[in-house]
Amino acid sequence: MSGKVLEFERPIVELETKIRELKDLSGAGSEMADEIARLEQKAAELQRERFAALTPWEQLQLAKHPDRPYTLDYIGEILTDFVELKGDRAFGDDPAIVGGIARLDGRSVVVLGQQKGRNTKENLHRNFGMARPEGYRKAQRLMKMADQFGLPLLCLIDTAGAYPGIGAEERGQAEAIATCLELMAGLRVPSISVVIGEGGSGGALAIGVTDRILMLEHAVYSVISPRGCASILWKDAEAERTAAEQLKMTAQDLVGLGICDEVVPEALGGAHRGLPATAAALHDALRRHYGELAALSVQDRLERRYAKFRRMGHVEMQA
């Protein structure tokens, strides 16, 4: 854990620190019990009030929090018998995307998602969760396997974007992402994507063309990162805060726009402060949505998926 404290979390963390100090001072005695209970209630109320009124910029900070759970964390909490499959059978393996076969409530599923690192060494290995073409071709391999064996597909989205390096472009980054979009649109199996942290640019969209799109409460999802948007529109990366406000990238915004199908609640204070509670809520949502999708015929699922994404392209022209 990095121990990083965001500015809007500071009053809550300071109060929790005081509570821990009082508990250490009181030991096993009960003379401070009433005061500790009062402060704990105050901390919980302060947390609920503060996190109910977060700005898009603050939501973005939470989505990028270094202690936030990543794809492998959720796989460990929600799925069982995970067997990782590596390589794209063309160039090599990309550790920025992990995936394989696992079980959800005893049923086999194919799972894949972007994976970030916890420290400098891990982030260099995972390329900060920014996949290269071989990562997206590995994802394609897993998608095809899901379709071939009739297994539901689960995609966990958490990336600032696809890797923009020269080597990635030389190996066909744009083509790899476009092929992912095309392939996912025609999958015959039930598919769900979940934005668990950052959902940035084409790197996120590449594994997001699914029957249902869920977002964790403090995740963000947009066609471009706020920093990239600020650099293009205002020629100033420092305008990132303004871009975050304008992009309508929070889970609550995207439900209203019809992009996201459901907001999955996180533990009080964010997923980084309560992985088990957040994972349990996500598990419940996945069980429900897969049950609904399994009840549909293949043709019905395909037609609904097509209609879902066609609605996202609606444009109103003024005379």
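Refer to the structure presented above.
As the structure is a computational prediction, the values presented were derived from the model and not from experiment.

Definitions and cut-offs
- Residues numbered from 1 in each chain as written.
- Predicted model: local features only at pLDDT ≥ 70, side-chain atom pairs only at ≥ 80, totals over all residues.
- Heavy atoms only, no water.
- Helix = DSSP H or I, 4+ residues; strand = E, 2+ residues; numbered from the N terminus.
- Rg over C-alpha atoms; globule rule 2.2 N^0.38 Å.
- Buried < 20%, exposed > 50% of the residue type's maximum accessible area, 1.4 Å probe, protein only.
- Contact = heavy atoms within 4.5 Å.
- Areas by Shrake-Rupley, 256 points an atom, 1.4 Å probe, with all protein chains shown as cover.
- Lys, Arg positive; Asp, Glu negative; His and termini not counted.
- Charge placed at Lys NZ, Arg CZ, Asp CG, Glu CD.
- Patch = residues over 30% accessible without salt bridge, like charges linked within 9 Å, V, L, I, M, F, W, Y side chains within 5 Å.
- Salt bridge = Lys/Arg side-chain N within 4 Å of Asp/Glu carboxyl O.
- 1 Å grid on protein atoms, 1.4 Å probe; cavity = no way out; pocket = protein on both sides within 12 Å on 5 of 7 lines; lining within 4 Å.
- Points joined across faces, edges and corners; volume = space filled by probe spheres on them.
- Nonpolar A, V, L, I, M, F, W, Y, C, P; charged D, E, K, R; others polar.
- Phe/Tyr/Trp six-rings, centres within 6.5 Å; stacked < 30°, edge-to-face > 60°.
- Lys NZ or Arg CZ within 6 Å of the ring centre and 35° of its normal.
- Axes fitted to C-alpha atoms, helices over the stretch in contact; angles between N-to-C directions.
- Parallel < 35°, antiparallel > 145°, perpendicular 65-115°, else oblique.
- Left-handed = near helix turned anticlockwise from the far one by under 90°.

Thoughts on the overall build of the chain
Secondary structure assignment for the chain yields 14 helices and 8 strands. Relative to the compact-globule value of 20 Å for 319 residues, the chain shows a C-alpha radius of gyration of 21 Å, a close match. If one aligns the C-alpha atoms of the chain with their principal axes, the spans along those axes are about 65 × 50 × 45 Å. The proportion of buried residues among the 319 residues of the chain is 49%. Partitioning the contacts of the chain with sequence separation of at least 6, the portion at a separation of at least 24 is 73%. As presented, the chain carries roughly 15600 Å² of accessible surface, and 53% of it is formed by carbon and sulfur atoms. Of the side chains in the chain, 40 bear a positive and 46 a negative charge, and the two mean positions are spaced by 4 Å.

So, a nonpolar patch on the surface
Together, Leu181, Leu205 and Val223 make up an exposed nonpolar region whose accessible area comes to about 230 Å². Relative to the helices and strands, Val223 is located in the loop between β7 (220–222) and α10 (226–233). On the basis of relative accessible area, Val223 is assigned to the exposed category, the value being 59%.

Here's the deal with the layout of surface pockets
Unfilled space is identified by rolling a water-sized probe across the atoms. Space inside the largest pocket adds up to approximately 520 Å³. Of all the secondary structure elements, the ones that give two or more residues to the lining of the largest pocket are α3 (56–63), β4 (153–159), β5 (191–200), β7 and α10. Top element by residues in the lining of the largest pocket is β5. It accounts for 4 residues. Looking at side-chain class alone, the lining of the largest pocket contains 11 nonpolar, 10 polar and 9 charged residues. Put simply, the second largest pocket is a space of about 280 Å³. Counting residues per element, the ones that place at least two in the lining of the second largest pocket are β7 and α14 (298–312). Per-class residue counts for the lining of the second largest pocket are 11 nonpolar, 2 polar and 1 charged.

Here's the deal with the packing of aromatic side chains
Think of a pair of aromatic rings as described by two things: how far the centres are apart, and how the planes are tilted against each other in angle. In the structure shown here, the tally under the stated rule is 1 aromatic pair. Seen in terms of ring centroids, Phe8 and Phe51 are 5.8 Å apart; in terms of plane orientation they differ by 70 degrees. Their pairing is edge-to-face. One end of the pair, Phe8, is in the segment before α1 (10–26); the other, Phe51, is in helix α2 (residues 33–51), and 43 residues separate them in sequence. Judged by relative accessible area, which is 8%, Phe8 ranks as buried. On the basis of relative accessible area, Phe51 is assigned to the buried category, the value being 8%. Seen from the ring of Tyr163, Arg132 lies directly overhead, with NZ or CZ sitting 4.9 Å from the centre.

Some thoughts on the pattern of salt bridges
Scanning the entire structure with this criterion turns up 18 salt bridges. For Arg50, the salt bridge identified is with Glu58, shortest N-O distance 2.5 Å. Residue Asp81 pairs with Arg103 through a salt bridge whose shortest N-O separation is 3.4 Å. You can see Asp81 sitting in strand β1 (residues 80–84) and its partner Arg103 sitting in strand β2 (residues 97–104), a full 22 residues away along the chain. The network of salt bridges with shared partners includes Lys64, Arg227 and Glu240.

Side note on the environment of Ala277
Examined against the element boundaries, Ala277 turns out to sit in helix α13 (residues 275–294). Considering only alpha carbons, one finds Ala277 and Ala267, 10 residues apart in sequence, at a separation of 5.5 Å.

Comments concerning the packing of helix α4 (residues 71–78) against α13
Direction vectors running N to C along α4 and α13 enclose 70 degrees, while the axes themselves pass 10 Å from each other. Classified by the angle between their axes, α4 and α13 sit roughly perpendicular to one another. Facing Asp73, Tyr74, Glu77 and Ile78 of α4, the residues of α13 in contact are Leu275, Pro276, Thr278, Ala279, Leu282, His283 and Leu286. For the contact of α4 with α13, the class distribution of residues is 7 nonpolar, 2 polar and 2 charged.

Remarks on α3
Within α3, 8 of the 8 residues are buried, leaving the element largely enclosed by the surrounding structure. Within the span of α3, buried status applies to Pro56, Trp57, Glu58, Gln59, Leu60, Gln61, Leu62 and Ala63. Buried residues along α3 sit against α2, β5, β7, α10, α11 (240–246) and α12 (251–256).

Considerations on the packing of helix α6 (residues 133–149) against helix α8 (residues 173–185)
Each packed pair of helices is defined by two parameters, the angle between the axes and the distance between the axes. Direction vectors running N to C along α6 and α8 enclose 20 degrees, while the axes themselves pass 8 Å from each other. Classed by the angle they form, the pair α6 and α8 counts as roughly parallel. Where α6 crosses over α8, the handedness of that crossing is left-handed. Here Pro133, Tyr136, Arg137, Gln140, Met143 and Lys144 of α6 lie close against α8, whose contacting residues are Gln173, Glu175, Ala176, Ile177, Thr179, Cys180, Leu183 and Met184. Grouping the constituent residues of the contact of α6 with α8 by class yields 8 nonpolar, 3 polar and 3 charged.

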